[in-house]
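For reference, the chains in residue letters:
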Amino acid sequence: MSVPPADPRQAEADLLAKAKAGDFQAFADLCEPCRKSVCSYLAGAGLADPADAEDVFMDAILRARKALDAFQGGSSFSTWLTTCLLYTSPSPRDKRQSR
């Protein structure tokens, strides 16, 4: 059994290397800590339905997975994922209008 690194940045770097190598569980482990804060942000931005917020979050992580090789580690993964969400997801108003 391996001991996790004491440094959270190193733990994130280890997960990122695994995710870039195709480990889907490592990618999920990177994304999961962001779920609550991103969905809370979306609720504050006008997307009141938690199911809609979850849909937008899932869309963002699918896009982030496709663009994972572009992540160079200049910020935390959660910052990068949030940025992906902000630049690639429809606004909450657009999401509501499409229904």
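Predicted model only: the values in this text are computed from it and were never measured.

Draft legend 1. How the structure looks around the nonpolar core. Core analysis: the largest hydrophobic core is formed by 24 residues, its most contacted members being Phe27, Leu42, Phe57, Leu68, Phe77, Trp80 and Leu81. A per-element tally of this core places helix α2 (residues 24-44) first, with 8 residues. Not counting residues within four places of it along the chain, the set of residues in contact with leucine 81 comprises Cys31, Cys34, Phe57, Ala60, Ile61 and Ala64.

Draft legend 2. Structural context of the pattern of salt bridges. In total, this model carries 3 salt bridges according to the counting rule given. The salt bridge involving aspartate 7 is made with arginine 9; its shortest N-O contact spans 3.5 Å. A salt bridge links arginine 35 to glutamate 54; the shortest N-O distance between them is 2.0 Å. With arginine 35 in helix α2 and glutamate 54 in helix α3 (residues 50-66), this residue pair connects regions lying 19 residues apart in the sequence. Among the charged side chains, a network of salt bridges with common partners joins Glu32, Arg35 and Glu54.

Draft legend 3. Region of interest: the environment of glycine 22. Position of glycine 22 relative to the elements: it lies in the loop between α1 (8-20) and α2. C-alpha of glycine 22 to C-alpha of arginine 65: the two residues are 43 residues apart in sequence and 9.8 Å apart in space.

Draft legend 4. Structural detail: α3. With 17 residues, α3 ought to run about 24 Å at 1.5 Å a step, and its terminal C-alpha atoms sit 25 Å apart, in line with that. Of all the residues in α3, the buried ones are Asp52, Ala53, Val56, Phe57, Ala60, Ile61 and Ala64. With a side-chain oxygen positioned 2.9 Å from the backbone nitrogen of alanine 51, the residue opening α3 is aspartate 49.

Draft legend 5. Up close: the environment of aspartate 55. With respect to the helices, strands and loops of the structure, aspartate 55 is situated in helix α3. Look at aspartate 55 and you get partly exposed, because its relative accessible area is 33%. Aspartate 55 sits 16 residues away from cysteine 39 along the chain, and the two C-alpha atoms are 9.5 Å apart.

Draft legend 6. Looking closely at α2. Over its 21 residues, α2 runs 30 Å from end to end, which matches the ideal 30 Å to within 8%, given 1.5 Å per residue. Where α2 bends most, the angle comes to about 40°, and this point is arginine 35. When we look at burial in α2, the residues that qualify are Ala26, Phe27, Leu30, Cys31, Cys34, Val38, Cys39 and Leu42. Sitting at the head of α2, aspartate 23 places a side-chain oxygen 3.0 Å from the backbone nitrogen of glutamine 25. Looking one or two residues beyond α2, the residue adopting positive phi is glycine 46, at roughly 110°.

So, how was this worked out
- Residues numbered from 1 in each chain as written.
- Predicted model: local features only at pLDDT ≥ 70, side-chain atom pairs only at ≥ 80, totals over all residues.
- Heavy atoms only, no water.
- Core = buried A, V, L, I, M, F, W, Y, C linked by side-chain atoms within 4.5 Å.
- Buried < 20%, exposed > 50% of the residue type's maximum accessible area, 1.4 Å probe, protein only.
- Helix = DSSP H or I, 4+ residues; strand = E, 2+ residues; numbered from the N terminus.
- Contact = heavy atoms within 4.5 Å.
- Salt bridge = Lys/Arg side-chain N within 4 Å of Asp/Glu carboxyl O.
- Expected span 1.5 Å × (residues − 1).
- Polar contact = N/O pair within 3.5 Å; in protein donor to acceptor, adjacent residues only side chain to side chain.
- Bend = angle between axes of the 7 residues up to and from the residue.

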